[in-house]
Amino acid sequence: MKKFIIGSNGQIGTELRLLLEKRFGYEQVLAADIVRNDEADKRFVLLDATDSDALRAVFERYRIDDVYLMAAILSARAEQMPRKAWHVNMSILHNLLELGREGLFHKLFWPSSIAVFGPHTPKENTPQFTVMDPDTVYGISKLAGERWMEYYYEKYGLDVRSVRYPGIISWKTRPGGGTTDYAVEMFHYALRREPYTCYIAPDERLPMMYIDDAIDATVRLMDAPAAGINIRSSYNLAAVSFTPRELEAAIRRYVPDFQVDYVPDFRQDIARTWPDSIDDSTARRDWQWEHRYDLDAMVRAMLTGLQKNLYPEAELSF
Ligand code: SER
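Rules of the game
Residues numbered from 1 in each chain as written. Predicted model: local features only at pLDDT ≥ 70, side-chain atom pairs only at ≥ 80, totals over all residues. Heavy atoms only, no water. Helix = DSSP H or I, 4+ residues; strand = E, 2+ residues; numbered from the N terminus. Rg over C-alpha atoms; globule rule 2.2 N^0.38 Å. Buried < 20%, exposed > 50% of the residue type's maximum accessible area, 1.4 Å probe, protein only. Contact = heavy atoms within 4.5 Å. Areas by Shrake-Rupley, 256 points an atom, 1.4 Å probe, with all protein chains shown as cover. Lys, Arg positive; Asp, Glu negative; His and termini not counted. Charge placed at Lys NZ, Arg CZ, Asp CG, Glu CD. Near = heavy atom within 4 Å. Polar contact = N/O pair within 3.5 Å; in protein donor to acceptor, adjacent residues only side chain to side chain. Nonpolar A, V, L, I, M, F, W, Y, C, P; charged D, E, K, R; others polar. Pairing = 2+ DSSP bridges. Salt bridge = Lys/Arg side-chain N within 4 Å of Asp/Glu carboxyl O. Expected span 1.5 Å × (residues − 1).

Draft legend 1. Region of interest: the overall build of the protein. When helices and strands are tallied, the protein shows 11 helices and 14 strands. The globule rule puts the C-alpha radius of gyration for 318 residues at 20 Å, and the 19 Å found for the protein is close to it. With the C-alpha coordinates of the protein rotated into their principal frame, the extents come out at 55 × 50 × 40 Å. By residue count, 57% of the 318 residues in the protein fall in the buried class. Looking at the protein alone, contacts between residues at least 24 apart form 79% of all its contacts between residues at least 6 apart. Roughly 13700 Å² of accessible area belongs to the protein as shown, and the carbon and sulfur atoms make up 49% of that amount. Treating the 39 positive side-chain charges of the protein as one cloud and the 47 negative ones as another, the clouds have centres 4 Å apart.

As structure tokens, this is what we get:
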């Protein structure tokens, strides 16, 4: 019975795959993406999951237990291609929900996002249940997806599980097309000793999370007994919140000459509508969620991870 990751080359899919392989064994994890990174990868299928026949064929060939749908077009990129983003973000989920209803797998993990909130959502400690009026294509697709997840649980008893990820900070792969990606870029510039021009306003606070916490949350939610899961749309999930200026200062503790200037663009208009901080007490209660990385721990993990793997010449003052 395999774990199946769709979007296995992405920012989260890559690290989720490593963890699931470690935990369940290499043979138990099947990975899929629309591009192949490694010709020799035997546990990988090249797949356009928007193609429902191609997707079904994978389920007919392998016995799959849990599915992790990590493929999506993120917020900033989706604004450049609204119809395509809607199609990609919705059709894969729909295809999977139908396969699940037919009994071709047991559990589905699909991430939602802080992008489901909008300009009229309370910004501080945003509650689990509140006004949701997203005004980005990405946010609209995530909110619609949440409703479909709950619908398939209520009508068909499909075991669906979801969290609303904040901005995810990682170094093993580069994120692409998100609004929160400035935070990852800042680390790369700092280590290259280059000044960074930030497209988000200096005081725009956003909820963020280090990748290890994001993967841990995903695995904990999937491990939790079904009876304890009270939210089948998507759980609020939080770790830290910071502004670009606070991140700049936190990096400068280790890279003292790091320089940032601020030229906000259309991505600031997206960020402005998202929460400053999230109330995730329901996740903490229902499946004992707790984060481990605060801002400083995240900064140290990012700087040391990137230095070791990408920028061996960089000097850090620890
Ligand atoms: N990090 C995502 C983005 O910025 C939000 O889910 O698009």
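Draft legend 2. Expanded view of the site of the ligand. Close to the ligand lie L74, S75, S113, Y138, G178, T179, T180 and W274. Between S75 and the ligand, the recorded distance is 2.5 Å, taken from a side-chain N or O atom to an oxygen atom. Y138 is positioned such that a nitrogen or oxygen atom in its side chain is 3.1 Å from an oxygen atom of the ligand. Counted by class, the shell around the ligand contains 3 nonpolar, 5 polar and no charged residues.

Draft legend 3. Just the pairing of strand 4 (residues 64-69), in detail. In terms of burial, strand 4 is a largely internal element, 6 of the 6 residues being buried. Two strands pair when backbone bridges link them, and strand 1 (residues 2-6) and strand 4 are joined in this way by 5 bridges, in the parallel orientation. By the bridge assignment, K2 is partnered in strand 4 with I64. Here 3 bridges tie strand 4 to strand 5 (residues 107-109), and the two strands are oriented parallel to one another. Its bridge partner being in strand 5, Y68 is matched across the sheet by F109.

Draft legend 4. Broad picture of unusual backbone geometry. One non-glycine residue with positive phi stands out, namely N125, at about 50 degrees. Inspection of the secondary structure puts N125 in the loop between strand 6 (112-113) and helix 5 (137-156). Phi at Q288 is positive, roughly 55 degrees, even though this residue is not glycine. Note that Q288 resides in the loop between helix 10 (281-287) and helix 11 (295-309).

Draft legend 5. Summary view of the pattern of salt bridges. What the rule picks out here adds up to 24 salt bridges. Close ionic contact of R43 with E21 constitutes a salt bridge, the shortest N to O distance being 3.4 Å. On the criterion of sequence distance, the pair formed by R43 in the loop between strand 2 (29-33) and strand 3 (44-46) and E21 in helix 1 (residues 11-24) is long-range, its members being 22 residues apart. For R43, a relative accessible area of 22% corresponds to the partly exposed category. By relative accessible area, E21 is classed as buried at 7%. Where salt bridges share partners, they join R17, E21, D41 and R43 into one cluster.

Draft legend 6. Structural context of the environment of R285. Relative to the helices and strands, R285 is located in helix 10. Residue classification places R285 among the exposed residues on the basis of a relative accessible area of 55%. Taking C-alpha positions, R285 is 10.0 Å from I229, a pair spaced 56 residues apart along the chain.

Draft legend 7. Spatial organisation of helix 11. Over its 15 residues, helix 11 extends 21 Å from the first C-alpha to the last, a length consistent with the 21 Å expected when each residue adds 1.5 Å. For helix 11, the set of buried residues is M298, V299, A301, M302, L303, G305 and L306. Along its buried surface, helix 11 packs onto strand 9 (167-169), helix 6 (182-191), strand 11 (206-210), strand 13 (240-242) and helix 8 (244-252). Measuring from the backbone nitrogen of D296 back to the side-chain oxygen at the start of helix 11 gives 3.3 Å, which picks out D294 as the cap.

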